[in-house]
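Results of the structural survey
Below, each chain spelled out in residue letters.
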Amino acid sequence: MTAPDLRPVDVLTVVTVADVTPSVRRIVLAGSADAVAAAGPTVNLLVPRVGDPDPRWPQVARDGRIVWPTGAHGVALRSYTARRQDPVAGEVEIDFVLHGDGPAAAWASAAAPGARLAVAGAGSLGERPAAQLLLVGDETALPAITRILGEADPATRGLALVEVADAAEEQPVPAPHGVTVRWLHRDGTPPGESSLLADAVAALEPFEGPEVFAWVGAESAAVRTIRADLRSRWGLGRAQHHAIGYWRLGREMGR
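A brief look at the structure comes next.

Definitions and limits used
- Residues numbered from 1 in each chain as written.
- Predicted model: local features only at pLDDT ≥ 70, side-chain atom pairs only at ≥ 80, totals over all residues.
- Heavy atoms only, no water.
- Helix = DSSP H or I, 4+ residues; strand = E, 2+ residues; numbered from the N terminus.
- Rg over C-alpha atoms; globule rule 2.2 N^0.38 Å.
- Buried < 20%, exposed > 50% of the residue type's maximum accessible area, 1.4 Å probe, protein only.
- Contact = heavy atoms within 4.5 Å.
- Areas by Shrake-Rupley, 256 points an atom, 1.4 Å probe, with all protein chains shown as cover.
- Lys, Arg positive; Asp, Glu negative; His and termini not counted.
- Charge placed at Lys NZ, Arg CZ, Asp CG, Glu CD.
- Arc of directions from axis to C-beta.
- Phe/Tyr/Trp six-rings, centres within 6.5 Å; stacked < 30°, edge-to-face > 60°.

**Some details on the overall build of the protein chain**
Check the secondary structure of the protein chain and you find 5 helices and 14 strands. For 255 residues, the compact-globule estimate of 2.2 N^0.38 gives 18 Å, and the C-alpha radius of gyration of the protein chain, at 19 Å, lies within 12% of that figure. Each principal axis of the C-alpha atoms in the protein chain carries an extent, and together these give about 55 × 40 × 35 Å. Per-residue burial for the protein chain yields a buried fraction of 47% across its 255 residues. Counting contacts in the protein chain only where the partners sit at least 6 residues apart, residues at least 24 apart contribute 68% of the total. Of the roughly 11900 Å² of accessible surface on the protein chain, a fraction of 52% belongs to carbon and sulfur atoms. Here the protein chain contributes 24 positively and 30 negatively charged side chains, and the mean placements of these two sets differ by 6 Å.

**A closer look at unusual backbone geometry**
Looking along the chain, the bond that leaves glycine 40 and enters proline 41 is cis, with omega of 0°. With respect to the helices, strands and loops of the structure, proline 41 is situated in the loop between α1 (33-37) and β4 (42-48). Phi angles above zero are rare outside glycine, and aspartate 187 is one such case at about 50°. By the element assignment, aspartate 187 lies in the loop between β12 (178-185) and α4 (196-202).

**Here's the deal with the environment of leucine 184**
Checked against the element boundaries, leucine 184 lands in strand β12. Judged by relative accessible area, which is 13%, leucine 184 ranks as buried. Here the alpha-carbon distance between leucine 184 and alanine 200, two residues 16 residues apart in the chain, equals 8.7 Å. Once residues within four sequence positions are removed from consideration, leucine 184 is found in contact with Leu161, Val162, Glu163, Val164, Leu196, Leu197 and Ala200.

**Digging into helix α2 (residues 103-110)**
In an α-helix, one turn spans 3.6 residues, which is why side chains three or four residues apart end up on the same side. Burial in α2 covers these residues: Ala104, Ala105, Trp107 and Ala108. Seen end-on, α2 carries its buried residues on one side only, within an arc spanning 165°. On its buried side, α2 packs onto β2 (10-21), β3 (24-30), β4, β7 (75-86), β8 (91-97) and β9 (116-123).

**Looking at the packing of aromatic side chains**
Evaluation of the coordinates by the stated rule reveals 4 aromatic pairs. Relative to tryptophan 107, the ring of phenylalanine 96 has its centre 5.6 Å away and its plane inclined at 50°; by these criteria the two rings are tilted. Residue phenylalanine 96 is located in strand β8, and its partner tryptophan 107 is located in helix α2; the two are separated by 11 residues in the primary sequence. With a relative accessible area of 0%, phenylalanine 96 lands in the buried category. Given the relative accessible area of 5%, tryptophan 107 is considered buried. Ring geometry for tryptophan 215 against tyrosine 246: centres 6.0 Å apart, planes inclined by 85°, an arrangement best described as edge-to-face. Of this pair, tryptophan 215 sits in strand β13 (residues 212-219) while tyrosine 246 is found in strand β14 (residues 241-247), placing the two residues 31 residues apart along the sequence.

In structure tokens:
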């Protein structure tokens, strides 16, 4: 039997760490131009156990499969959105939500310059250019929403609905002049237990015209409710919306 054709994963090193809100830590990582170019917009991060100086990284097969080492390795796979990637500077910027005690939140809480993680594959955000945008998400989706708005045509019109814990969790979100960013505050309700996003979408009048695209990223149950509204009341077809559960209540946040 022929051994699979494997290559090593791309390892990135922490350059800076900054807390942009009480629950969001922004980490800039450095690596080769090729590694940074491949690290987004949606990127599979290989997160080592906190304090492990020599993680046993997996390898990647030619078809993109991650091939894990045998036995204990202490590395977790999590999907994140790169807020920014600059292959020329060799930098990629990722925001970590520090809710819970999952491996990514634990790693980010302890991260300092020189710490390492690895990258094993990436994908698109699922967005599409449109004259009118509806963007809906919680704090885990904020990097994706920020990136979509940053790359949108200046003439784009629409609305971004962002659910966060409270006013202290709001961040600057540059957007085209015709796009309104509306913050929704849980104000003490735990993440995943609020109906703020679904209620806010239900209260909207559907956008008129064929050039409409909706993008949704949040807790899985909320996303299912919003997706159903977009398909039925809004009448959006498959090509007009992308809705993805970024995490599930009762499980650690994955982004």
